[in-house]
Amino acid sequence: MAVTSAVVRTVTAGVHRHWLLGPIGHRLLGHVRRWLHPPVYRPLVDLLTMEERHVIITYRLDRATIQELCTQLEPDLMSAIRHPTGIPPQVQVLSVLHFNSSGSFQTTVAIASGMSQPMFSNVLCRVLSALLKHMRSYIVFPQVEDLPTVKGDFYALGHVPNIIGAIDGTHVALVPPHRSEHVKAKFPGSVHDVYILRNSSIPYVMDQLQRHRVWLLGEHLEARQWEWLSGSQ
């Protein structure tokens, strides 16, 4: 079996000395070199110079929302940066937003963001963990006091009055778990959307909001079941 080794050449008092390092020493030498000469990260993406239309196409969010998100996640992302040349929080957020919105591969997004695939993999886990901590600030069902604003936003999108949400199903691909992990798939892909909706809390919530004359948008078959669901063919 070949043994990996490295020769370190030093000069002390004009005398050249050579040190033969084994596998462990070789790895330690690599860590020392990276510490003494760390890679300088040069961002390839500048949010401020991008056109607003291009920002929305690339990240599925507008510039103001992205900047607000970066500000909120910055404490979580800065704590993981051990060196001044680390990846800025905004670049971390932008790369993950691009990955989630494009459905591309990690390697492709990593190259576009100016980092390696292993580096992006760490960034992806870090940003997603930070997002989960603030999930309840963004994923909420409209409260009574929010209804006028939500109805106005939906009307601006499609000129349909009194809409506070749209409902649909989606298929999520899951990686088979390890033996020590468990995944509870309550509704597999064969279950109809109407069954899933009927067994959720949405019908109860919408029944309580009927005095405010609000609707959800859904598929035509679903709309036959509830008076607060407006369906389209």
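For the structure, check the block above.
Every value quoted in this text rests on a predicted model; they were computed, and no experiment measured them.

Q: I would appreciate a short explanation of helix H4 (residues 89-102) in the present structure.
A: Note that an α-helix has 3.6 residues per turn; residues three or four places apart therefore point the same way. Between its first and last C-alpha, H4 extends 20 Å over 14 residues, near the 20 Å set by a 1.5 Å rise per residue. For H4, the tally of buried residues reaches ten of 14 residues, placing the bulk of the element in the interior. Those residues of H4 not exposed but buried are Pro-89, Val-91, Gln-92, Val-93, Leu-94, Ser-95, Val-96, Leu-97, Phe-99 and Ser-101. Contact partners of the buried residues in H4: helix H2 (52-59), helix H3 (63-78), helix H5 (106-113) and helix H6 (117-133). Note on H4: the residue one or two positions beyond its end, Gly-103, has a positive phi of about 65°.

Q: Please explain H3 as it appears in this structure.
A: Across its 16 residues, H3 extends 21 Å between first and last C-alpha, which sits within 8% of the 22 Å expected from 1.5 Å per residue. Those residues of H3 not exposed but buried are Arg-63, Ile-66, Leu-69, Cys-70, Leu-73 and Leu-77. Of the surrounding elements, those touching the buried residues of H3 are H2, H4 and H6. One side-chain oxygen of the residue at the start of H3 lies 3.1 Å from the amide nitrogen of Ala-64, identifying that residue as Asp-62.

Q: Explain the environment of Ile-87 to me, please; I cannot follow it from the model alone.
A: Along the polypeptide, Ile-87 turns up in the loop between H3 and H4. For Ile-87, a relative accessible area of 10% puts it in the buried group. C-alpha of Ile-87 to C-alpha of Leu-77: the two residues are ten residues apart in sequence and 9.3 Å apart in space.

Q: Help me out: how do you make sense of a nonpolar patch on the surface in this one?
A: On the surface, a nonpolar cluster with roughly 400 Å² of combined accessible area is contributed by Leu-132, Met-135, Tyr-138 and Ile-139. By the element assignment, Tyr-138 lies in the loop between H6 and helix H7 (147-158). Tyr-138 sits in the partly exposed class, given a relative accessible area of 41%.

Q: Would you take a moment to explain the packing of aromatic side chains for this structure?
A: Applying the stated criterion to the full structure yields one aromatic pair. Taken together, a centroid distance of 5.5 Å and an interplanar angle of 65° make the contact between Phe-99 and Phe-120 edge-to-face. Of the two residues, Phe-99 is situated in helix H4 and Phe-120 in helix H6; the sequence distance between them amounts to 21 residues. Classification of Phe-120 by relative accessible area gives buried; the value is 0%.

Q: Help me out: how do you make sense of the nonpolar core in this one?
A: Inside soluble globular proteins, nonpolar side chains tend to come together where they are buried. Among the nonpolar cores identified, the biggest contains 24 residues, and Tyr-59, Ile-66, Leu-73, Val-93, Met-115 and Phe-120 are the most heavily contacted of them. Those elements that provide at least two residues to this core are H2, H3, H4, H5 and H6. The next biggest cluster of nonpolar side chains, apart from the first, holds 13 residues, and it includes Ile-164, Ile-167, Leu-197 and Trp-226.

Q: Help me out: how do you make sense of unusual backbone geometry in this one?
A: For residues other than glycine, phi is negative in most cases, and the peptide bonds are mostly trans. Phi is positive for Asn-162, close to 65°, though the residue is something other than glycine. Locating Asn-162 in the fold gives a position in the loop between H7 and strand S3 (163-166). The phi torsion at Arg-213 lies on the positive side, around 55°, for a residue other than glycine. Mapped onto the elements of the fold, Arg-213 is located in the loop between helix H9 (202-208) and strand S4 (215-219).

Q: Even after reading the chapter, I still don't get the environment of Val-123, so can you show me in this structure?
A: With respect to the helices, strands and loops of the structure, Val-123 is situated in helix H6. A relative accessible area of 1% means that Val-123 is categorised as buried. Linking Val-123 and Val-93, residues 30 residues apart in sequence, is a C-alpha distance of 8.5 Å. In contact with Val-123, not counting residues within four places along its chain, are Ile-87, Gln-92, Ser-95, Val-96 and Met-115.

Definitions and limits used
Residues numbered from 1 in each chain as written. Predicted model: local features only at pLDDT ≥ 70, side-chain atom pairs only at ≥ 80, totals over all residues. Heavy atoms only, no water. Helix = DSSP H or I, 4+ residues; strand = E, 2+ residues; numbered from the N terminus. Expected span 1.5 Å × (residues − 1). Buried < 20%, exposed > 50% of the residue type's maximum accessible area, 1.4 Å probe, protein only. Contact = heavy atoms within 4.5 Å. Polar contact = N/O pair within 3.5 Å; in protein donor to acceptor, adjacent residues only side chain to side chain. Patch = residues over 30% accessible without salt bridge, like charges linked within 9 Å, V, L, I, M, F, W, Y side chains within 5 Å. Areas by Shrake-Rupley, 256 points an atom, 1.4 Å probe, with all protein chains shown as cover. Salt bridge = Lys/Arg side-chain N within 4 Å of Asp/Glu carboxyl O. Phe/Tyr/Trp six-rings, centres within 6.5 Å; stacked < 30°, edge-to-face > 60°. Core = buried A, V, L, I, M, F, W, Y, C linked by side-chain atoms within 4.5 Å.

Keep in mind these values describe shape, not function.
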